[in-house]
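Now for the letters of each chain:
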Amino acid sequence: MELEIRDKVFIVSGGASGIGEAIVRGIAAEGGIPIIVEKNGERAVALCQELNQKGSPCLAIEKELNQAEGCQEVVEQVVAQISRIDGLINNAGVNDGISLENGSPGEWMQSLDRNLHHYFFLAHFALPYLKQTRGSIVNISSKTALTGQGGTSAYAAAKGAILALTREWAVELLSYQIRVNAIVPSEVFTPMYEQWINSFPEPRKKLEDIQHQIPLEKRMTKPTEIADMVLFLLSERAAHITGQHLFVDGGYVHLDRSLNTLH
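Residues numbered from 1 in each chain as written. Predicted model: local features only at pLDDT ≥ 70, side-chain atom pairs only at ≥ 80, totals over all residues. Heavy atoms only, no water.

Trainee: Which residues make up the state of the cysteines, and what are the values?
Mentor: As enumerated under the stated definition, the model contains one disulfide in all. What pairs with C48 in a disulfide is C58, and their sulfur atoms sit 2.1 Å apart. Taking the sign of the torsion about the S-S bond as the criterion, the disulfide between C48 and C58, at about 125°, is right-handed. Taken together, the positions of C48 in helix α2 (residues 41-53) and C58 in the loop between α2 and β3 (59-62) put the pair 10 residues apart, joining distant regions of the chain. (Disulfide = S-S within 2.5 Å. Helix = DSSP H or I, 4+ residues; strand = E, 2+ residues; numbered from the N terminus.)

Set out below in structure tokens:
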């Protein structure tokens, strides 16, 4: 299937590892131009150099996104160097464990800076250019917005807000033919997830217990499977899809847990 994204320019926040890296690699494989926005500049540059060596153009931008000014600078740099923006993938964030019981108001605000505010900032500053290209926005949310997890109030609140903003922006941007959708991952085995698993006394058993709760194939979702859905939503193949929350999770959120006793 031809996705028709060749030579189009896509900003990917948190684009140098995990889900973001898979999205960047997918864009490059389809002939698009990924903009890797990452606070870890060395990792972003290394990925961009690897893609360049394979003949894929890209741009690496080292930037902290917790302030509006940084997000504005990202957009300005992209436009100065490439002159267009065809899509924005809001992905950067971290499940930082700021809870109701043990988190402070200051930590709450810092978590929202890490996980929510830059979604708005990047979209706000990119919007004039997305209007020109009739581009697309894809927001990466999380199952925690719907299921809860415990001990991560700020992250869950941010991810819930992201789902609300997806619907709000889809309505607001209809007249510009800018589509806005969200992906809701559940259990995706990324380097950050592996680090969390390894924090348990018996990491392998913890991982097996989690996988057993995933209805389809009893396995984790692959970052590339999230990326494939993102690429579809960015493409003209999804030209009439907007305001949607799409779950790529092997049935984790919506299928009855009693299935685990049957399969």
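Here the narrative resumes, following the displayed structure.
Trainee: How would you sum up the sheet that holds strand β4 (residues 87-90)? Please name residues and give values.
Mentor: With parallel pairing, seven strands are arranged side by side in an open sheet as β3-β2-β1-β4-β5-β6-β7. In this open sheet, the two strands that pair with only one neighbour each are β3 and β7 (245-248). For this sheet the average axis-to-axis angle between neighbouring strands, irrespective of direction, equals 20°. Lying on the sheet, helix α6 (residues 153-172) is in contact with β4, β5 (136-140), β6 (179-185) and β7; it crosses β6 at an angle near 155°. Of the strands in this sheet, β1 (9-13), β4, β5, β6 and β7 touch helix α9 (residues 223-234), which is tilted by about 170° from β6. (Pairing = 2+ DSSP bridges. Axes fitted to C-alpha atoms, helices over the stretch in contact; angles between N-to-C directions. Contact = heavy atoms within 4.5 Å.)

Trainee: Go over the pairing of β6, please, and point to the residues and values.
Mentor: Most of β6 is tucked away: seven of the seven residues are buried. On β6, burial covers both faces: R179, N181, I183 and P185 on one face and V180, A182 and V184 on the other are all buried. Pairing analysis gives five bridges linking β5 to β6, with the strands arranged parallel. Considered in β6, the bridge of I137 is made with V180. (Buried < 20%, exposed > 50% of the residue type's maximum accessible area, 1.4 Å probe, protein only.)

Trainee: With reference to specific residues and values, describe the side chain of D86.
Mentor: Tracing the sequence through the fold places D86 in the loop between α3 (68-82) and β4. For D86, a relative accessible area of 6% corresponds to the buried category. A polar contact of 2.5 Å, which involves the side chain of D86, links it to the side chain of R84. When sequence neighbours within four positions are dropped, the list of residues in contact with D86 reads K8, V9, F10, L130, T133, G135 and S136. (Polar contact = N/O pair within 3.5 Å; in protein donor to acceptor, adjacent residues only side chain to side chain.)

Trainee: Residue-level account of the environment of L127, with values.
Mentor: Its place among the elements puts L127 in helix α4 (residues 105-133). It is 37 Å that separates the C-alpha atoms of L127 and I214, two residues lying 87 residues apart in sequence. Apart from the residues within four sequence positions on either side, L127 is in contact with L173 and I178.

Trainee: Go over the side chain of S235 with me, naming the residues and quoting the values.
Mentor: Topologically, S235 is positioned in the loop between α9 and β7. Its relative accessible area of 0% is what places S235 among the buried residues. One polar contact links the side chain of S235 to the main-chain amide nitrogen of R237, over a distance of 3.1 Å. Those residues within four positions of S235 in sequence are excluded, and the remaining contacts are L3, I5 and R179.

Trainee: Outline the pattern of salt bridges, listing residues and values.
Mentor: Tallying each qualifying case throughout the model produces 13 salt bridges. The salt bridge involving K8 is made with E236; its shortest N-O contact spans 4.0 Å. Taken together, the residues K8 in the segment before β1 and E236 in the loop between α9 and β7 connect sequence positions 228 residues apart. Since its relative accessible area comes to 23%, K8 is described here as partly exposed. Residue E236 is classed as partly exposed on the basis of its relative accessible area of 42%. Taken together, the salt bridges that share partners define one network made up of E21, R25, E50 and K54. (Salt bridge = Lys/Arg side-chain N within 4 Å of Asp/Glu carboxyl O.)

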